[in-house]
Amino acid sequence: MTSMLGIRLSTRAVSVSALALGAALAVSTPAFAQEAAETTAAENSDVIVITGSRISTVGFDAPTPTTVVSAADLKVAGRTDIQATLADLPQFRMTQSATSTNTVTSSGQSPADLRGLGSARTLVLINGRRHVSSNDLQTIPYSLVKSIDIVTGGASAAYGSDAVAGVVNIMLDNKREGFELGAQTGISSRGDGAKYLLEGSAGFSFADGRGHFIVGGDYLNDKGVIPGTSRPLIGAAGFFPGADGKLYPTNNLRESNRHEDGVITSGVLAGQVFNADGTLRPFEYGTRRAGAPTLMIGGEGYHIDNYRSLSAPIQRANVLARASYDLTDNLNIWVEGNYNRVWDERPFFPDLWINQLTISASNPYLSTAIRDQLATAGETSFTMGRAVTDVAMAHYDYTRETYQVSIGVDGSFGDGKWRYNAYYSHGEQTQDQTLRDITLRQNFLNAVDAVTGPGGTPVCRIALTDPTTACRPLNLFGSGNSDQAAIDYVTADWNAYTTTWLDNMGVSISGEPFELWNQPVSVAAGIEYREQAFSTKYDENSLASRFGTINGQNIPKTGNNVKEAFAEVAIPLLADLPFVQKLMFNGAARVSDYSTKGSIWSWKVGAVWDINDSIKLRVTRSRDIRAANLTEMFSLRSTLFTTVVDEGIPATRPTTSIILYTGGNPDVAPEIADTFTVGVALSPSFMPGFRFSADYYDIKINDVITTLTAQQIVNSCYLQGNSGACAQIVRNGAGAITEINAAYINVAKFTNKGIDFEASYQTSLDSIGLPGQLNIRGLANYVDSLAVDNGILTIEGAGYLGSQATYLIPKWRGTLSASYESERFGADVRTRYVDGGGYAPANVLAGQGDSVSISSRWYFDLGARLYIPYGDGKKFTVYGNVQNLFDRDPAVAAVSSPYHDLIGRYFTVGARINF
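## So, the pattern of salt bridges
The final tally for this structure, using the stated rule, is 45 salt bridges. Glu-336 is the salt-bridge partner of Arg-129, the closest N and O atoms lying 2.9 Å from each other. With Arg-129 in the loop between strand 4 (122–126) and strand 5 (145–151) and Glu-336 in strand 19 (residues 331–350), the pair connects residues that are 207 residues apart, well separated along the chain. The same class applies to Arg-129 as to Glu-336, namely buried.

Okay, structure coming up:
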């Protein structure tokens, strides 16, 4: 049975899907049928490869929960990247996205994060192979995706490191036939956030069908949403003390001690702000509280969200080509190559280290009246809070290019009972990152220290002793008063150029040597080798540590390698007995020998028990691993910008902007995870088309590789008395925290427990005299616990939705969809549910008001499609979608929320032609 959207249904496939917990995409025509990935060996339709297992055999039901998102599902929602599609599934957390990377240099990357355990613990594969871009879904050739297999449990024994939370295996349409072209555009109801997507693909056979060639590509131009204050509940929002001294979420925040024109914060002129002509006027203060001395609500102060993006813009181009050829009836050779480019340039921040500047009372750019007032008060200097948006408004300009070439063979022998494959893949990725117009620290200080020179003209003080200096004095009294020569002297471009390499190869064999209970015994085994490395080069100013905000040191080509061997077996233990239609055992083991840390084992055991056609049970127990990645082992110090509540000053607990430094540690050991899942699937014969499943999962991860957050380090030092944490904190002469240093260590433990639910119903409407098919589906995920013990404190993240810590997740998430498909028309309605809860636990966000919480959210989406046939097997499709139909607002100060819609109502229209 085939619908207009190409959903293939079969009895064998459905039996696997009924076990798939956490299920497929809850949009129109969901892929509730388990669609098995095709093998490349002669494209044998009788052989099924289940992601999460290396067994390939007829009708093998994987004990690990597995589900599929089809190509139709990817297109129906009007999404423009795979991450956004997966984020609709309640098992995924959009940890890193366009709205959370608006001022970090990982912008433009879209990783998958199963269970909210961190994207590094979800393994992303393309056609079962690793990719040099690791987990970045932006690099996947969107237009050629056939299906996405999702394993919502540990799979390290099958695929090695990183599969702790699960696997996302993106299967390409290796046998694509014909041509397809598509275009779509979208815009928010507020007239921003425009997106443009072009895509195309083609496939054809040659050499009398022995060869096949496919090619596809897409181009995305996402304009993003700029500035951050375009959504006032999110932009310039955060926590602020109420009248009772406790913290409450609020918006319209401003800095009370900094201004784009310069505000005087000390002495007789305190509270005065410069006009454009250099004169003074009273600074307009908003609401201030003792607990937040540098913030206020309202007023005319500066906030970074006036400049940076709410949702980061991005441009993306993908192209992939693949050719295969049957050398014999049982041997196929193939070669595959793809190229990806992601780039963007946008406002980032006015240089962050510049905040409170000491200005000499004799500065020649000050008016005579101001100098006289200072002299009368006996003041030789004053402090000015300045946001240098006119001098050093940094722009982030990056290009990330990725290519990978793979070659392999697939074959069979023994009348098809045995299959083998071998492949080699080489990939490289380059990241060229530039921060334009940030300040050279000493040059800036030299230029600010202006004096009256010969002839009465302003000069830099150092020019009095060094007439050859290139220094030009900087006038910061009022925005736009600095001349270009001075700006050129104090600013330069920071640049980092990183190259990453991956070489990956493997050989495997699988087959059915004999039968038990009239069922095949299946085995698989193989060996793999993987070598990865990276290097980073910085500009000369960075190498000399001349920048005030961010510098860097070159990292020569550094990496490691791993040699692996694995084996897997599927054995029918019982069959065709009362209450035992079939009982299958599955076991797997893998040994991984790392050049940096030696050997480590991973394994899995499980069983699937078909009681009858209506009831199926399954259980798995696995030991999974995640080895440290190159960044965690070898990266030099990197710079992040954040804020902390300074618990070291308990009287006021000021919120302070700080620089957080992180770096690699080559001595970190692999993480060890123990995963247990047990589930039931029902497909009652008295209710054709209805299926229900529920799976319980329990994941425990030890020796977690992590860095403590800035606030955790502060809390650990001043609330728990940890001297090691105190040693990581740097204060300036005034006693304010300026820097916090951190490095990767094996220190944390994770515990994640919950239940996945799925219910679906499918029926043809022929019985009531209507054409087409109706599909209804509900998906839900309940999280009982997501606890992170970092050796200092334990954070229970379940029931929280803020961004104050990484591992916060609502107790309940779910989707409910209904879709209709006929030969000429399709439509769908979907609701997405996000449970309410707190912003963050008290040991993460101390001092919260008693009533601080986030209410639950329901989001409604609509979609419609019109199919216009114009020839044999050809059609023209016009479609439209509305996301967040009722424009449901996010919670106040839910900044970078991975759960709430920050953009609002969004419209998409497009067209697609097949020929």
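On we go.
## Examining the packing of aromatic side chains
As enumerated under the stated definition, the model contains 20 aromatic pairs in all. For the pair Tyr-782 and Trp-812, a centre-to-centre distance of 4.9 Å together with 45° between the ring planes defines the contact as tilted. Placement of the pair is Tyr-782 in strand 39 (residues 773–789) and Trp-812 in strand 41 (residues 812–821), with a sequence separation of 30 residues. Under the relative-accessibility criterion, Tyr-782 is labelled partly exposed at 22%. A network of ring pairs unites the aromatic residues Phe-348, Phe-349, Tyr-396 and Tyr-398 as a single cluster. One Lys or Arg, Arg-288, reaches over the ring of Tyr-285 and ends 3.8 Å from the middle of that ring. Above the face of the Trp-501 ring, Lys-557 is positioned so that its terminal group lies 4.1 Å from the ring centre.

## Section: the side chain of Asp-835
Of note, Asp-835 is situated in the loop between strand 42 (825–834) and strand 43 (857–871). Notably, Asp-835 is buried but unbridged: the nearest opposite-charge side chain belongs to Lys-811, and the N-O separation is 8.2 Å. Separated by 2.9 Å, the side chains of Asp-835 and Tyr-833 make a polar contact.

## Overview of the state of the cysteines
Enumeration over the complete set of coordinates arrives at 2 disulfides. Disulfide pairing places Cys-460 opposite Cys-471 at an S-S distance of 2.0 Å. The S-S bond linking Cys-460 to Cys-471 shows a torsion near -80°; that makes this disulfide left-handed. Of this pair, Cys-460 sits in strand 25 (residues 458–460) while Cys-471 sits in the loop between strand 25 and helix 7 (484–490), placing them 11 residues apart in sequence. Cys-471 gets classed as buried once you look at its relative accessible area, which sits at 4%.

## Thoughts on the side chain of Ser-635
Mapped onto the secondary structure, Ser-635 falls in the loop between helix 9 (630–634) and strand 32 (638–645). In this structure Ser-635 comes out as buried when scored by relative accessible area, which is 14%.

## Considering the sheet that holds strand 6 (residues 166–172)
Strand pairing within a sheet occurs via backbone hydrogen bonds; the two strands may be parallel or antiparallel. Read from one edge of the open sheet, 4 strands run 3-5-6-4, paired in mixed fashion. Of all strands in the sheet, those with a lone pairing partner are strand 3 (66–70) and strand 4, marking the two edges. With strand direction ignored, the average angle separating the axes of adjacent strands in the sheet is 20°. In this sheet, strand 6 lies alongside strand 5 in antiparallel orientation, the contact comprising 6 bridges. Counted as the bridge partner of Ile-148 is Ile-170 from strand 6.

## Description of the pairing of strand 17 (residues 292–297)
Direction of pairing for strand 12 (residues 253–255) relative to strand 17: antiparallel, over a ladder of 3 bridges. Among the inter-strand pairings, Arg-254 is bridged to a residue of strand 17, identified as Met-296. The antiparallel hairpin formed by strand 16 (residues 287–289) and strand 17 contains 2 residues in its connecting segment.

## A look at the confidence of the model for the chain
Of all residues in the chain, 92% attain a pLDDT of 70 or more, and the chain-wide mean is 88. The weakest mean pLDDT in the chain belongs to helix 1 (residues 11–17) at 28; the strongest belongs to strand 13 (residues 263–264) at 98. Scored below 50 in pLDDT, residues 1–49 makes 162 contacts in the model with residues more than four places away or belonging to other chains. Contacts of residues 57–61 to residues separated by more than four positions or lying in other chains number 24 contacts, the stretch itself having pLDDT below 50.

## A short note on the nonpolar core
Looking at soluble globular proteins, one finds that nonpolar side chains tend to be buried together. With 84 residues, the main nonpolar core has Ile-82, Leu-86, Ile-148, Ile-170 and Leu-435 as its most contacted residues. Apart from the residues lying within four places of it in its own chain, the contact partners of Ile-170 are Ile-82, Val-124, Leu-125, Ile-126, Asn-127, Leu-137, Ile-140, Val-145, Ser-147 and Ile-148. Residues Ile-264, Leu-474, Phe-477 and Ile-487 belong to the second largest nonpolar core, which totals 28 residues.

## Some details on the sheet that holds strand 16
Strand order across the open sheet formed by 3 strands is 12-17-16, with antiparallel pairing between neighbours. The two strands at the open ends of the sheet, each matched to only one other strand, are strand 12 and strand 16. On average, each strand axis in the sheet is tilted by 35° relative to the strand beside it, whichever way the strands run.

## As for the environment of Val-335
Note on placement: Val-335 falls in strand 19. Separated by 12 residues in the primary sequence, Val-335 and Pro-347 place their C-alpha atoms 41 Å from one another. Look past the residues within four positions of Val-335 in its chain and what remains in contact with it is Ala-321, Arg-322, Ala-323, Ser-406 and Ile-407.

## Examining unusual backbone geometry
Cis geometry is adopted by the peptide bond preceding Pro-227, which originates at Ile-226 and carries an omega value of 0°. In this structure, Asn-884 is a non-glycine residue whose phi angle is positive, near 55°. Take Asn-884: it is sitting in the loop between strand 44 (874–883) and strand 45 (906–914). Backbone geometry at Ala-893 places phi at a positive 65°, although glycine is not the residue there. By the secondary structure assignment, Ala-893 is in the loop between strand 44 and strand 45. Classification of Ala-893 by relative accessible area gives buried; the value is 5%.

Parameters and conventions
In this convention, every chain numbers its residues from 1, walking through the sequence in written order. Under the rules for a predicted model, residues below a pLDDT of 70 receive no local features and side-chain atom pairs below 80 are neither given nor counted, while totals for whole chains, interfaces and linings still include all residues. The side-chain figures draw on all heavy atoms in the structure; neither hydrogens nor water molecules are used. Salt bridge, as applied in this entry: a Lys or Arg side-chain nitrogen positioned within 4 Å of an Asp or Glu carboxyl oxygen. Helix and strand definitions follow DSSP, with helices as H or I runs of at least four residues and strands as E runs of at least two, each counted in order from the N terminus. Think of it in three bands: with a 1.4 Å probe and only protein chains considered, a residue is buried below 20% of the maximum accessible area for its type, exposed above 50%, and partly exposed in between. Each Phe, Tyr or Trp ring, with Trp reduced to its six-membered ring, pairs with another whose centre is within 6.5 Å; inter-plane angles below 30 degrees give stacked pairs, above 60 give edge-to-face pairs, and intermediate values give tilted ones. Criterion for a charge above a ring: Lys NZ or Arg CZ within 6 Å of the ring centre, and within 35 degrees of the ring normal. All tallies of charge rest on Lys and Arg as positive and Asp and Glu as negative; His and the ends of each chain are not included. What qualifies as a polar contact is a pair of N or O atoms within 3.5 Å, subject to a donor-acceptor requirement within protein and to the restriction that residues adjacent in sequence count only when both atoms come from side chains. Here, two cysteine sulfur atoms that lie within 2.5 Å of each other are counted as a disulfide. Should DSSP find at least two bridges between two strands, the strands are regarded as paired. Convention adopted: a line fitted to C-alpha atoms gives each axis, helices being fitted over their contacting stretch, and angles between N-to-C directions are expressed from 0 to 180 degrees. In predicted models, pLDDT denotes the confidence assigned by the predictor to each residue on a 0 to 100 scale. Note on definitions: a residue-residue contact is assigned when non-hydrogen atoms from the two residues lie within 4.5 Å. Residue types Ala, Val, Leu, Ile, Met, Phe, Trp, Tyr and Cys, when buried and joined through side-chain atoms within 4.5 Å, form a set referred to as a nonpolar core.

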